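Listed below, chain by chain, are the residues.
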Amino acid sequence: MSNIIVEGGRPLNGSLSPSANKNAVLPVLCATLLTQAPVTLSNVPDITDVHLMLDFFRKLGSEVAVDFDTGKVRLHHGPGIRPDAVLPVGMRSSVMLIPPMLHRFGQAILETDAKGCTLGSREIDPHIDLFKAFGATVHGAAGNVVIEMAGQAQAIHHWLDYASVTTTENFIMCALSAQGTSRLINAACEPHVQELCAFLTSMGVKLTGTGTSTITVEGGIPLAEAHHSFEEDFHEVATFLALSAMTGGDMRIRNGVPHHFPLLDRTFAKFGVTVEHKDGWSRVAARDPHVQRPFTAHMLPKVEAAPWPYIPADLLPIFIALGACTNGSMLYWNKVYEGALGWSSELSKFGVQTVLCDPHRLITLGSSDHLTPAEVESPYIIRVAIALLMVACAVPGRSTILNADPIRRAHPRFAENLCALGADVEWVGTRQSDAG
Ligand SMILES: CC(=O)N[C@H]1[C@@H](OP(=O)(O)OP(=O)(O)OC[C@H]2O[C@@H](n3ccc(=O)[nH]c3=O)[C@H](O)[C@@H]2O)O[C@H](CO)[C@@H](O)[C@@H]1O
Ligand SMILES: C=C(OP(=O)(O)O)C(=O)O
């Protein structure tokens, strides 16, 4: 377990280039296994989930060339690869290795429930339904599921119970290997799903509906050699913008995806924070942010997290951290996960007043005046470890975030980046494993 010690209360200033989005990088890495053609990727982040995925490819016998200084990764899953490797544990993305494993070897074994962050039950049922619909046989119980595909999958028309990110990505990958044209309704359309679609399109895939709730994929087209450079991670851009506001700093964050930001900007505005996007950079120069009262006077202002194009559930902790350090009350509503708000008790150690209304709704009674440094413990939730670190950066004095390792799953050099912006942040303790 590694911890982070923060000497908080310093304004964060300067410019920063964020990393790529883990949730775009991982499905793209999985999709490379669908082809025997070489693939080159740029801007690949040095994060533990990527390490686990590349180690898995090495165990299959794939050629893997990595240079994390430049972010270049070259992969070649040639005809000689063999399926003798256990899917990585501790991250949800393992479930997206199933379609390429079925495509290459006709079988995939899921020895875990492919659970990542401890946000709730994180069922695999929609995935199982999908594989069965494509013609796979599935046996075993949760914790040891064997999925087999005899012969070529046939195209399907499928309608998801809910707009699941990884199930949509699995649909796309299964559909590529199937005979005929498949269609998915109630597809997820998060920026990372869009980036996977862009990558596959660059490999010659015929796919329509990117960014919408209906995706159509033509199967059976051989994937061509490809090169993809990952976009900036909207999660990381939003995180640093919030940090700028919370610490009273002036930060400029490189941002090539401002088209993803209109609702995020309006959400920042609810906290009295103005975001500017100009010439490929985003900036917050916050002075004394405070929660804005809604037009309808008897309501609490609120941030609702749900599948895209709503505010993503993964960004809710970032806005909770901002609200914790901003005067005024805010209601947060996580419509996705039933176990993602229990960490609010850690916030109270900083003196943040919160009301956990039910598993899905939390109120922060923000009062930036009375916060004190604290020792807090993060659950195994990447964005919560980040959120606790953000509060620690804003509160003057020495705080400790215990069990901060999950940060390394998604954000490369996060503490180093904070230090470059003027923070006093240091990792301490033993690093348990690269799985975080
Ligand atoms: C590797 C990866 O990409 N992980 C992301 C992916 O996980 P993942 O693909 O596992 O998340 P899903 O979109 O399947 O949703 C997660 C859970 O939320 C619940 N649910 C979701 C949507 C909905 O309309 N109703 C509903 O009940 C379900 O219990 C589901 O199990 O998407 C999540 C939701 O954006 C993010 O938190 C994860 O970071
Ligand atoms: C929840 C996340 O990851 P995972 O789905 O792997 O748990 C995340 O990226 O915030």
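Only a predicted model underlies this, so the values are computations on that prediction, with no experimental measurement involved.

Draft legend 1. Looking closely at the overall build of the chain. Secondary structure summary: the chain contains twelve helices and 23 strands in total. Relative to the compact-globule value of 22 Å for 436 residues, the chain shows a C-alpha radius of gyration of 22 Å, a close match. Seen along its three principal axes, the alpha-carbon backbone of the chain occupies a region of about 65 × 45 × 45 Å. Split into buried and exposed, the 436 residues of the chain put 50% on the buried side. Of the contacts made within the chain by residues no fewer than 6 positions apart, 72% connect residues no fewer than 24 positions apart.

Draft legend 2. Looking closely at the environment of alanine 415. In this structure, alanine 415 sits in helix α12 (residues 414-420). You can call alanine 415 partly exposed: it has 19 C-beta atoms within 10 Å. Distance from alanine 415 to valine 6, taken between C-alpha atoms, is 9.6 Å for residues 409 residues apart in sequence. Excluding residues within four positions of it along the chain, alanine 415 makes contact with Ile4, Val425, Glu426 and Trp427.

Draft legend 3. Quick peek at the site of ligand 2. Taken together, Lys22, Asn23, Met91, Arg92, Ser93, Gly116, Cys117, Asp314, Ile382, Arg383 and Ala410 make up all the residues around ligand 2. Within the residue set of the shell around ligand 2, elements represented by two or more residues are α1 (22-32) and α11 (382-394). Of the residues assigned to the shell around ligand 2, the class counts are four nonpolar, three polar and four charged. The two domains that each donate at least three residues to the shell around ligand 2 are domain 1 (3-19 + 232-428) and domain 2 (22-229).

Draft legend 4. Representation of the sheet that holds strand β11 (residues 207-208). The four strands lie next to each other as β9-β10-β12-β11, forming an open sheet whose pairing is mixed. If you trace the sheet from one side to the other, it starts and ends with β9 (157-159) and β11, each paired once. In this structure, β9 lies alongside strand β10 (residues 181-185), joined through three bridges in parallel fashion. From the neighbouring strand, tryptophan 159 faces β10, where its bridge partner is isoleucine 185. Contacts between helix α5 (residues 165-177) and the sheet are confined to β9, β10 and β12 (214-218), with β12 contributing the most and set at about 25° to the helix.

Draft legend 5. View of the domain arrangement of the chain. If you check the domain split of the chain, you get domain 1 (3-19 + 232-428) and domain 2 (22-229). Domain 1 and domain 2 are separated by 30 Å when their C-alpha centres are compared. In this complex, domain 1 contributes 21 residues to the contact, which on the side of domain 2 involves 16 residues. Of the residues that constitute the side of domain 1 that touches domain 2, the class distribution is 14 nonpolar, four polar and three charged.

Draft legend 6. Looking closely at the sheet that holds strand β1 (residues 3-8). Strand order in the open sheet formed by four strands is β21-β22-β1-β23, and the pairing between neighbours is mixed. The open sheet is flanked by β21 (375-377) and β23 (424-428), the only strands paired with a single partner. Strand-to-strand twist in this sheet, taken as the mean axis angle between neighbours without regard to direction, amounts to 20°. Taken strand by strand, α11 contacts β1, β21 and β22 (397-402), and its axis lies near 25° from that of β1.

Draft legend 7. Seen up close, the environment of asparagine 23. Position of asparagine 23 relative to the elements: it lies in helix α1. Considered as a pair, asparagine 23 and glycine 8 are 15 residues apart in the sequence and their alpha carbons are 30 Å apart.

Draft legend 8. Summary view of the pairing of strand β5 (residues 72-76). The side-chain alternation of β5 yields one buried face, formed by Val73 and Leu75, and one unburied face, formed by Lys72, Arg74 and His76. Relative to β5, strand β3 (residues 39-42) runs antiparallel, the two being bridged by three bridges. Bridge pairing links valine 39 to leucine 75 in β5. Alignment of strand β4 (residues 63-67) against β5, held across five bridges, turns out to be antiparallel. Residue pairing in the sheet places alanine 65 in a bridge with arginine 74 of β5. The hairpin formed by β4 and β5 contains four residues between the paired strands, and glycine 71 there has a positive phi angle of roughly 80°.

Draft legend 9. Representation of the site of ligand 1. Lining the immediate surroundings of ligand 1 are 20 residues, of which Asn23, Tyr162, Ser164, Val165 and Thr166 lie closest. Considered class by class, the residues forming the shell around ligand 1 number ten nonpolar, six polar and four charged. Counting contributing residues per domain, the shell around ligand 1 is built from domain 1 (3-19 + 232-428) and domain 2 (22-229), each supplying no fewer than three.

Draft legend 10. Up close: the confidence of the model for the chain. Summing up the model confidence of the chain, the mean pLDDT is 95 and the portion of residues at 70 or higher is 98%. Here residues 432-436 is modelled with pLDDT under 50, and outside its nearest four sequence neighbours on either side it reaches 15 contacts, counting other chains as well. Both scores are available for the predicted complex, with the pTM at 0.96 and the ipTM at 0.99.

Draft legend 11. The nonpolar core, seen in detail. Ranked by size, the top nonpolar core spans 139 residues in total, and within it Ala321, Leu389, Met390 and Val391 carry the most contacts. Residue contributions to this core reach at least three from each of two domains, namely domain 1 (3-19 + 232-428) and domain 2 (22-229). When near neighbours in sequence (up to four residues on either side) are disregarded, alanine 321 contacts Ala242, Met246, Ala387, Met390 and Val391.

Draft legend 12. α1, seen in detail. α1 sits mainly inside the fold: eleven of its eleven residues count as buried. Within the sequence span of α1, burial applies to Lys22, Asn23, Ala24, Val25, Leu26, Pro27, Val28, Leu29, Cys30, Ala31 and Thr32.

About the cut-offs
Residues numbered from 1 in each chain as written. Chains lettered and ligands numbered in written order. Predicted model: local features only at pLDDT ≥ 70, side-chain atom pairs only at ≥ 80, totals over all residues. Helix = DSSP H or I, 4+ residues; strand = E, 2+ residues; numbered from the N terminus. Rg over C-alpha atoms; globule rule 2.2 N^0.38 Å. Buried ≥ 20, exposed ≤ 12 C-beta atoms within 10 Å, placed from the backbone. Contact = placed C-beta atoms within 7 Å. Near = placed C-beta within 6 Å. Nonpolar A, V, L, I, M, F, W, Y, C, P; charged D, E, K, R; others polar. Domains from an automatic or database assignment. Pairing = 2+ DSSP bridges. Axes fitted to C-alpha atoms, helices over the stretch in contact; angles between N-to-C directions. pLDDT = per-residue confidence, 0-100. Core = buried A, V, L, I, M, F, W, Y, C linked by C-beta atoms within 7 Å.

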